[in-house]
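Topology and contacts: notes
Spelled out from the first residue to the last, the chains are:
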Amino acid sequence: MVEISRYKWPLITVVVVVAALMFVIAVGFTIGFLSENPDGLERVLIDNNGEEWLENLFSPWTPILSWVTNDYVAGIIGIVLSIAIMTGVFYLITYLKKRDTK
Amino acid sequence: MHIPDGLLDPITTIVLWIVTIVIMILGYFRMGKIFEKEDSEKMIPYIGVLAAVIFAFQFVNYPVPGGTSGHLVGGTLVAIILGPWASVIVLFLILVIQSLFGDGGITALGPNAFNMGIIGGIVGFYIVVLFVRLFNKTSLKKELKVTIATAIGSYIAIVLASFICGIEIGVGGAIPIEIAIPAMVFWHLIIGIGEALISALIVFYIYKTKPDFITTESILGVE
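This one's a predicted model, so the numbers in the text were calculated from it and none came from an experiment.

Rules used in this analysis
All residue numbers here refer to positions counted from 1 along the written sequence of the relevant chain. Chains carry letters from A onward and ligands carry numbers from 1 onward, assigned in written order. Confidence filtering applies because this is a predicted model: local features only for residues at pLDDT of at least 70, side-chain atom pairs given and counted only at 80 or more, and all residues used for totals across whole chains, interfaces and linings. Heavy atoms throughout the structure, all of them, feed into the side-chain values; hydrogens and water do not. Put simply, DSSP marks the helices as runs of H or I at least four residues long and the strands as runs of E at least two long, and each gets a number from the N terminus on. Put simply, the radius of gyration uses C-alpha atoms, and a globule should come to 2.2 Å times the residue count raised to 0.38. Categorising residues by exposure relies on relative accessible area from a 1.4 Å probe, with only protein chains included: less than 20% of the type maximum marks a residue as buried, more than 50% marks it as exposed, and the intermediate range marks it as partly exposed. The contact criterion used is simple: two residues touch if any of their non-hydrogen atoms lie within 4.5 Å. Classification of ring pairs uses Phe, Tyr and Trp, with its six-membered ring standing for Trp, and accepts pairs whose centres are within 6.5 Å; under 30 degrees between planes counts as stacked, over 60 as edge-to-face, and the remaining range as tilted. Should the NZ of a Lys or the CZ of an Arg lie within 6 Å of a ring centre and within 35 degrees of the ring normal, that charge is described as sitting over the ring. Distance thresholds for patches are 9 Å for like charges and 5 Å for nonpolar side chains (Val, Leu, Ile, Met, Phe, Trp, Tyr), applied to residues having over 30% relative accessible area and no salt bridge. For every accessible area listed, the method is Shrake-Rupley and the probe measures 1.4 Å; residues are considered covered only by the protein chains on display. We count a salt bridge whenever a side-chain nitrogen from Lys or Arg sits within 4 Å of a carboxyl oxygen from Asp or Glu. Lys and Arg are tallied as positive, Asp and Glu as negative. Neither His nor the chain termini are counted. Throughout, a charge is located at the NZ atom of Lys, the CZ atom of Arg, the CG atom of Asp or the CD atom of Glu. Accessible-area loss on putting two parts together, using a 1.4 Å probe and summing over both, is the definition of buried area adopted here. Distance and chemistry together define a polar contact, namely a pair of N or O atoms within 3.5 Å, with one atom able to donate a hydrogen and the other to accept it when in protein, and with adjacent residues in sequence counting only for side-chain atoms on both sides. Working convention: axes come from line fits to C-alpha atoms, limited for helices to the stretch in contact. Angles between N-to-C directions cover 0 to 180 degrees. Our angle categories are set so that under 35 degrees counts as roughly parallel, over 145 as roughly antiparallel, 65 to 115 as roughly perpendicular, and the remainder as oblique. Handedness of a crossing follows from how the near helix is turned relative to the far one, being left-handed for an anticlockwise turn of less than a right angle and right-handed for a clockwise one. Residue type decides the class: Asp, Glu, Lys and Arg count as charged, Ala, Val, Leu, Ile, Met, Phe, Trp, Tyr, Cys and Pro as nonpolar, and the leftover types, Gly among them, as polar.

Things to note about the overall build of chain A
Scanning chain A from terminus to terminus reveals four helices and zero strands. Reading chain A from its N terminus to its C terminus gives the helix and strand order α-α-α-α. Here the C-alpha radius of gyration of chain A, 20 Å, is well above what a compact globule of 102 residues would show, namely 13 Å. Projected onto its principal axes, the C-alpha coordinates of chain A cover approximately 55 × 35 × 25 Å.

Below you can see the structure in the form of structure tokens.
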């Protein structure tokens with residue numbers, strides 16, 4: 001049986017940080033202090049080869065979450081996915097490492 | 001600094017995938033003892049939170065003069081908190097999630113993890129170690145030594161990663177190497193300031209609120 005009380009503070013931290021991140025993303029996109037400009041690599045590629053060239057680079061797949069066009073929604077999905085995947089993977093790593101050391 | 005699909009040539013891509021996979025396997029075996037402790041599960045929610053923070057800071061771009069923007073890479077930051085080997089795995093998984101949104105290519109995951117996880121994480125971490133040991137000769141407080149060293153380490157790591165990325169682009173033939181390297185380094189000399197500030201502030205905050213979350217103190221050698 002999992003003892004929830006053991007994880008009280010870690011879980012509170014998760015909720016608080018996720019709420020804070022969502023708030024920052026929401027405020028950032030609303031007020032506009034976040035930038036829509038290309039980042040360093042995109043800037044270099046656009047300056048040398050043009051935006052159209054960059055957009056037409058061959059990709060073997062269509063990113064499965066590319067249909068999410070709203071930045072805020074994408075941010076929330078990404079945050080939830082990050083927590084879920086990282087928690088799962090590191091739970092497995094911890095389990096395997098403990099098993100190996102026994 | 002997320003390389004899209006189709007930018008690098010197949011050989012560069014395959015070589016960087018192999019290097020990244022080898023380092024990740026090695027990373028699993030060399031990862032810190034924190035994951036073997038009796039109560040190590042307690043760390044897991046915090047690792048999830050850290051991943052969410054890195055994702056969010058990579059996802060949003062802050063303005064940089066000259067019509068460009070920057071975002072946190074976070075490799076050095078994760079390495080300071082969880083250790084250099086764990087940072088490669090964390091960064092790789094974050095890049096997987098970002099590629100689902102089209103931010104960085106799926107075939108370029110290996111190269112991206114190499115640049116941001118291995119250069120940003122492992123190399124950045126050992127630059128921090130070097131500076132912490134230099135600062136040990138001063139009378140600075142422990143948290144300040146690590147904070148300042150983190151700022152310097154993450155700055156150098158991001159510029160170094162941009163230099164390596166410039167080589168990869170040049171070798172791939174998208175842009176001549178003599179143009180790709182200086183252009184990448186130039187922009188990241190500016191963008192790196194944001195990386196340094198954000199990483200240092202987060203490390204300082206953790207030192208003030210939950211110092212045991214910095215699991216690498218013994219490797220850092222801070223006195």
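Brief notes about the environment of His-188 of chain B
Locating His-188 of chain B in the fold gives a position in helix H7 (residues 177–209). A relative accessible area of 3% means that His-188 of chain B is categorised as buried. In the structure, His-188 of chain B is positioned 33 residues away from Tyr-155 of chain B in sequence and 8.9 Å away in space, judged by C-alpha atoms. If we skip the residues at most four places from it in the chain, His-188 of chain B touches Gly-40 and Leu-41 of chain A together with Met-1, Ile-158, Val-159 and Ser-162 of chain B.

Some details on the packing of aromatic side chains
Centre distance and the angle of the planes are the two values used to describe a pair of aromatic rings. Applying the stated criterion across every chain yields a total of nine aromatic pairs over all chains. Taking 6.4 Å as the distance between ring centres and 65° as the angle between the ring planes, the aromatic pair formed by Phe-59 of chain B and Phe-101 of chain B counts as edge-to-face. On the criterion of sequence distance, the pair formed by Phe-59 of chain B in helix H2 (residues 43–59) and Phe-101 of chain B in the loop between helix H4 (84–100) and helix H5 (109–135) is long-range, its members being 42 residues apart. There is no split in this pair, since Phe-59 of chain B and Phe-101 of chain B are both buried. Ring geometry for Phe-131 of chain B against Phe-135 of chain B: centres 6.2 Å apart, planes inclined by 45°, an arrangement best described as tilted. With Phe-131 of chain B and Phe-135 of chain B both in helix H5, this residue pair falls four residues apart, about one helical turn. Taken as a pair, Phe-131 of chain B and Phe-135 of chain B share a single burial class, namely buried. One aromatic cluster is present, built from ring pairs that chain together Phe-55, Phe-59 and Phe-101 of chain B. A cation over a ring is seen here: Lys-97 of chain A above Tyr-28 of chain B, with NZ or CZ 5.0 Å from the ring centre.

Regarding a negative patch on the surface
Residues and elements named next belong to chain A. Together, Glu-42, Glu-51, Glu-52 and Glu-55 line one region of the surface with negative charge. Tallying contributions element by element places helix H3 (residues 51–55) first for the negative patch, with three residues. Note on Glu-55: relative accessible area 59%, which makes it exposed.

Quick word on the interface of chain B and chain A
At the junction of the two partners, chain B supplies 62 residues and chain A supplies 57 residues. Per-residue buried area on chain B facing chain A is highest for Tyr-28, Leu-100 and Phe-101 of chain B; these three make up 13% of the total on that side. Run the count over chain B and chain A and you get zero salt bridges. Our count for the chain B to chain A interface comes out at twelve residue pairs in polar contact (both at pLDDT 80 or more). Counting residues per element, the ones that place at least two in the side of chain B that touches chain A are helix H1 (10–30), H2, strand S1 (62–64), strand S2 (68–70), H4, helix H6 (142–172) and H7 of chain B.

Some remarks on the pattern of salt bridges
Across all of its chains, the model carries four salt bridges over all chains by this definition. Its salt-bridge partner being Arg-43 of chain A, residue Asp-47 of chain A comes within 3.3 Å of it at the nearest N-O pair. You can see Asp-47 of chain A and its partner Arg-43 of chain A sitting in helix H2 (residues 40–49), four residues apart, about one turn around the helix. Judged by its relative accessible area of 49%, Asp-47 of chain A is partly exposed. Its salt-bridge partner being Lys-210 of chain B, residue Asp-212 of chain B comes within 3.7 Å of it at the nearest N-O pair. With relative accessibility at 55%, the residue Asp-212 of chain B sits in the exposed group. Relative accessible area serves as the criterion here: at 30%, Lys-210 of chain B is assigned to the partly exposed category.

A short note on the packing of H6 of chain B against H7 of chain B
All names here are of chain B. With their axes 7 Å apart at the nearest point, H6 and H7 run at an angle of 155° to one another. By the criterion of interaxial angle, the relationship of H6 to H7 is roughly antiparallel. Viewed along their axes, H6 and H7 form a crossing whose handedness is right-handed. Residues that form the contact of H6 with H7 fall into these classes: 23 nonpolar, nine polar and four charged.

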